[in-house]
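Observations on chain architecture
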Amino acid sequence: MGLEYGPRVAHNFVPNYLKRRKGRQGFFFQRSVPPDCRDFIGKATWIKKAGNTATEAKRNAAVLLAETERLIEQARGQQLTPEQELLSLIPHMDGSPDEMDANDLVAVFSREPMFLDDQGTVNPRYDELYELAKGVLDGSARPRNTAEELLSRAALLKSPSTSTAFEWRCYLIKLMEHSGRKFIQEVTREDAVSWRSSELERCQASTVRTRLRFLNGLFGVAEEEGWVQSNPFEGLTKRVKARAKKKEVVSLDHADEVWSKLPQHQQLLWHLLRWTGSHVSESAGLRWEDIDLQEEVIHFKEHETRPLKNNFRIRTIPIHSRLLPIIRQEQIDEPCEGLIFPWAFSPKRGRWAEGMHWTKIIGVSPKATRDWAATCLRSKDINESVIGRLFGHTPKTQTGVYGSVGMETMRKALEQLK
């Protein structure tokens, strides 16, 4: 069929249902039907045109995803709640008979009695369904969306990294559990403030601010999609004052003497971090084919399990003269294909190089190598645009976006790293 992968979405959380097809324009929604549902549904794969542009396709894919989920539920005999069945009527109410009333709808989807006893005691459950049925009939009712639906829609629209999608899921589910809510539309400003208070009781302010930003972004998607009228997390970080910590740059002199105390499989990673100034996740996710010894450069590229934060992180940098012989020897000793550090990936969290306790062994963390490299180059009066290209910084000015830095310039700069 000649299918190619389309826009990247979060691995392990929302599969990439958007594909390109050879000889066909636009993007196609493709999803396999679960084997146990194929007889009922009558096909093995759903394939449908999602749109001509990536933005259009992402929005339509969310709708198609919901439709296929509903078919899977039906095939597996999963019963919808009366609320879900009533709300599912909303798109189809234009053709409903004029004489149909809310009591008729409740009777169709529920066996709840109108009264609890012969004395006419009102059944509150019936009242809830009756009010919902009235809203469906008069057009005031709106579909309700679960946390899973919001996560799916946000992932399709924003294409987050795996680690970001993990954080989204973690904090949204905790919020829903804390507030006792089932649907996104039920979350109130009071719920958001209460959740913030509970987090502040057990976490540092800076941590809570980060989590609030995640939830603010998710509910921002819900507001944009028309699922909620307002974002309950809007502005909640303003009063959370995190005390700024003064960053002390740690010298690597001692670590340079004792790096051999690191586990053997981590020692090459130390050298890469020491002489490139890269993020630990960037170097930990390198493949042998990303290192070109003939040109003496390293290509930091995206791949399936290691997306990069933005396009500025995708870069090519020279190999430091101190690092070059170490890599050459490593390629002689080890197989030279695939991931260099496959052990460093955590599939559950989608993260690279977590839990490496270097501070206990050599006195510095992996992050300290990047801080030291930036400090060292600045002390040598290396131009900030050159440092930015070496480290994959996002330019702060339009000039920085359009400017370029030659490989030889970067090589001379990097050699100043001692």
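Everything that follows concerns the structure shown earlier in this document.
The structure reproduced in this document is the subject of the present report.

1. Topic: the overall build of the protein chain
- A count of helices and strands for the protein chain gives 18 helices and 9 strands.
- Across the 418 residues of the protein chain, 42% fall into the buried class.
- For the protein chain, long-range pairs separated by at least 24 residues make up 60% of all intrachain contacts whose partners lie at least 6 apart in sequence.
- Taken as a whole, the protein chain presents about 23400 Å² of accessible surface, with 48% of it coming from carbon and sulfur.

2. Describing the nonpolar core
- Judged by nonpolar contacts, the single largest core of 48 residues is most densely connected at Leu272, Ile298, Ile319, Trp358, Ile362 and Leu390.
- Excluding anything up to four places from it in sequence, Ile319 contacts Ile291, Asp292, Leu293, Glu296, Val297, Ile298, Leu324, Ile327, Arg411 and Glu415.
- Core analysis: the next-biggest nonpolar cluster, separate from the first, contains 26 residues, Tyr171, Met176, Phe219 and Val221 among them.

3. Observations regarding the packing of aromatic side chains
- In this structure the tally under the stated criterion is 6 aromatic pairs.
- Where Tyr171 meets Phe214, the ring centres are 6.1 Å apart and the plane angle is 25°; that geometry is what we call stacked. Here Tyr171 is found in helix α7 (residues 162-179), whereas its partner Phe214 is found in helix α9 (residues 205-224), with 43 residues between them in sequence.
- An angle of 35° between the planes, with centres 5.4 Å apart, marks the rings of Phe219 and Phe233 as tilted. Of this pair, Phe219 sits in helix α9 while Phe233 sits in the loop between α9 and α10 (253-258); the two residues are 14 residues apart in sequence, bridging distant segments of the chain. Each member of the pair, Phe219 as well as Phe233, is classed as buried.
- One aromatic cluster is present, built from ring pairs that chain together Trp195, Phe219 and Phe233.
- Lying over the aromatic face of Phe27, Arg20 brings its terminal NZ or CZ to 4.5 Å of the ring centre.

Analysis parameters
Residues numbered from 1 in each chain as written. Predicted model: local features only at pLDDT ≥ 70, side-chain atom pairs only at ≥ 80, totals over all residues. Heavy atoms only, no water. Helix = DSSP H or I, 4+ residues; strand = E, 2+ residues; numbered from the N terminus. Buried < 20%, exposed > 50% of the residue type's maximum accessible area, 1.4 Å probe, protein only. Contact = heavy atoms within 4.5 Å. Areas by Shrake-Rupley, 256 points an atom, 1.4 Å probe, with all protein chains shown as cover. Core = buried A, V, L, I, M, F, W, Y, C linked by side-chain atoms within 4.5 Å. Phe/Tyr/Trp six-rings, centres within 6.5 Å; stacked < 30°, edge-to-face > 60°. Lys NZ or Arg CZ within 6 Å of the ring centre and 35° of its normal.

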